[in-house]
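Report on the structure
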Amino acid sequence: MDRIAEFRKWKVQCLSKADLSRKGSVDEDVVELVQFLNMRDQFFTTSSCAGRILLLDGGINGLEVQKQNCCWLLVTHKPCVKDDVIVALKKANGDATLKFEPFVLHVQCRQLQDAQILHSVAIDSGFRNSGITVGKRGKTMLAVRSTHGLEVPLIHKGKLMVTEEYIDFLLNVANQKMEENKKRIERFYNCLQHALERETMTNLHPKIKEKNNSSYTYKKQRNQEKARSQCITKENVKELENDDDDVGINITIFPEDY
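Going by the annotation in an unreviewed UniProt entry, the name recorded for the protein chain is tRNA wybutosine-synthesizing protein 3 homolog, with Callithrix jacchus given as the source organism. Under the Sequence similarities (unreviewed entry) heading, UniProt states for the protein chain: "Belongs to the TYW3 family." Quoted verbatim from the Function (unreviewed entry) heading of the UniProt record, the comment on the protein chain is "Probable S-adenosyl-L-methionine-dependent methyltransferase that acts as a component of the wybutosine biosynthesis pathway. Wybutosine is a hyper modified guanosine with a tricyclic base found at the 3'-position adjacent to the anticodon of eukaryotic phenylalanine tRNA."

This brings us to the nonpolar core. Within the largest apolar cluster, 28 residues are counted, with the highest numbers of intra-cluster contacts made by Leu-105, Phe-188 and Leu-192. Elements with a contribution of two residues or more to this core: helix H2 (31-38), strand S7 (104-109), helix H4 (112-124), strand S8 (131-135), strand S9 (140-144) and helix H5 (164-204). Element by element, the count of residues in this core is highest for H5, at 7 residues. With residues up to four places along the chain from it excluded, the contact list for Leu-192 reads Leu-33, Phe-36, Leu-37, Leu-118 and Val-121. Listed in part, the 23 residues of the second largest apolar core include Cys-80, Leu-89, Ala-92 and Met-178.

Our focus in this paragraph is the environment of Asn-175. When you line up the elements, Asn-175 lands in helix H5. Asn-175 has contacts with Ile-53, Pro-79 and Cys-80, leaving out every residue within four places of it along the chain. A polar atom in the side chain of Asn-175 sits 2.8 Å from the backbone nitrogen of Cys-80.

The next thing to look at is the side chain of Glu-101. If you trace the backbone, Glu-101 turns up in strand S6 (residues 95-101). Taking the relative accessible area as the measure of exposure, Glu-101 reaches 12% and is therefore buried. At a separation of 3.1 Å, a polar atom in the side chain of Glu-101 contacts the side chain of Lys-99.

Right, let's talk about the pairing of strand S10 (residues 150-156) for a bit. In this structure, S6 lies alongside S10, joined through 5 bridges in antiparallel fashion. If you follow Thr-97 over to S10, its bridge partner there is Pro-153. Direction of pairing for S10 relative to strand S11 (residues 159-160): antiparallel, over a ladder of 2 bridges. Residue pairing for S11: His-156 is matched across the bridge by Lys-159.

We now examine the pairing of S6. Within a regular strand, the side chains alternate between the two sheet faces. Taken across its 7 residues, S6 has 7 buried, putting it largely inside the fold. With burial as the criterion, each face of S6 is covered, one bearing Asp-95, Thr-97, Lys-99 and Glu-101 and the other bearing Ala-96, Leu-98 and Phe-100. The sheet contact formed by strand S2 (residues 52-58) and S6 spans 7 bridges and is antiparallel. Residue pairing for S6: Leu-56 is matched across the bridge by Thr-97.

You can see Ala-174 is positioned in helix H5. In this structure the C-alpha to C-alpha distance between Ala-174 and Glu-151, which are 23 residues apart in sequence, comes to 9.5 Å. Ignoring sequence-local partners within four residues, the contact set of Ala-174 consists of Ile-53, Phe-100 and Leu-150.

Contact geometry of H4 with H5 gives a least axis separation of 9 Å together with a crossing angle of 145°. When you trace H4 past H5, the crossing you get is right-handed. In this structure, H4 uses Ile-117, Leu-118, Val-121, Ala-122 and Asp-124 to contact H5, whose residues at the interface are Arg-187, Phe-188, Cys-191, Leu-192, Ala-195, Leu-196 and Glu-199. Here the residues of the contact of H4 with H5 are counted per class, giving 9 nonpolar, no polar and 3 charged.

Moving on to the packing of aromatic side chains. Within the structure shown, the criterion is met by 5 aromatic pairs. Consider the rings of Phe-127 and Phe-188, whose centres lie 6.2 Å apart with planes at 90°: the pair is edge-to-face. Of this pair, Phe-127 sits in the loop between H4 and S8 while Phe-188 sits in helix H5; the two residues are 61 residues apart in sequence, bridging distant segments of the chain. Classification of Phe-127 by relative accessible area gives buried; the value is 0%. Within the aromatic cluster, the residues linked to one another by ring pairs are Phe-103, Phe-127 and Phe-188. The cationic tip of Lys-139 hangs over the ring face of Trp-10; the distance from NZ or CZ to the ring centre is 5.2 Å.

Rules behind the numbers
- Residues numbered from 1 in each chain as written.
- Predicted model: local features only at pLDDT ≥ 70, side-chain atom pairs only at ≥ 80, totals over all residues.
- Heavy atoms only, no water.
- UniProt positions renumbered as here; feature names shortened; annotations may be inferred.
- Core = buried A, V, L, I, M, F, W, Y, C linked by side-chain atoms within 4.5 Å.
- Buried < 20%, exposed > 50% of the residue type's maximum accessible area, 1.4 Å probe, protein only.
- Helix = DSSP H or I, 4+ residues; strand = E, 2+ residues; numbered from the N terminus.
- Contact = heavy atoms within 4.5 Å.
- Polar contact = N/O pair within 3.5 Å; in protein donor to acceptor, adjacent residues only side chain to side chain.
- Pairing = 2+ DSSP bridges.
- Axes fitted to C-alpha atoms, helices over the stretch in contact; angles between N-to-C directions.
- Left-handed = near helix turned anticlockwise from the far one by under 90°.
- Nonpolar A, V, L, I, M, F, W, Y, C, P; charged D, E, K, R; others polar.
- Phe/Tyr/Trp six-rings, centres within 6.5 Å; stacked < 30°, edge-to-face > 60°.
- Lys NZ or Arg CZ within 6 Å of the ring centre and 35° of its normal.

Laid out in structure tokens, this is it:
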């Protein structure tokens, strides 16, 4: 079986499976984006989360919450208010931690160059911790990620360690991060549509494609700068400049049985 046929087989198998997430469906804020990717021949999504605010009760190793043994006291994909957190904290028995987890998306791509398009768009949209993983069987995965998360312990051994005023402050920070997260998702979706339209036009004109390939390095750099100028507006330039995530394609080779 050739690579393209095998990719199609993987896509059918993946999209026909039941959603095994706790929610059981795609989050509202990324439904259109997920559907858009799954309609394209060269992509399909394997998992996604639009971003959420969580209150977890479980074991803590330093600041790392062990998700497998924890209880979800509260989860929301919308802005959160203090009263909801205070009520949820009353159910905590161990170490409760407030978290904001930003948007994450995993996409299997038909070829490495398809993943590179998505990676470039993700970086330009503010998801600067995105990366590509390549399996020896030919599976090429693109993970869209950022690091503007939040994780703060509130209760230790059943005892509240902070004031309600501080909880209110944390929620303001988390809600601001949620709003910024939503803007980045919209930016990613819009830039992705433009990038794939350009790719389609290039493929329809072989002479243009051949000319581009003859000066690949220069053209790639220039096109990336052009895409960046289209995707980054004045209001988010400062935010991206202050983002200290490492920028670049992170490629990991997995074992043969991946």
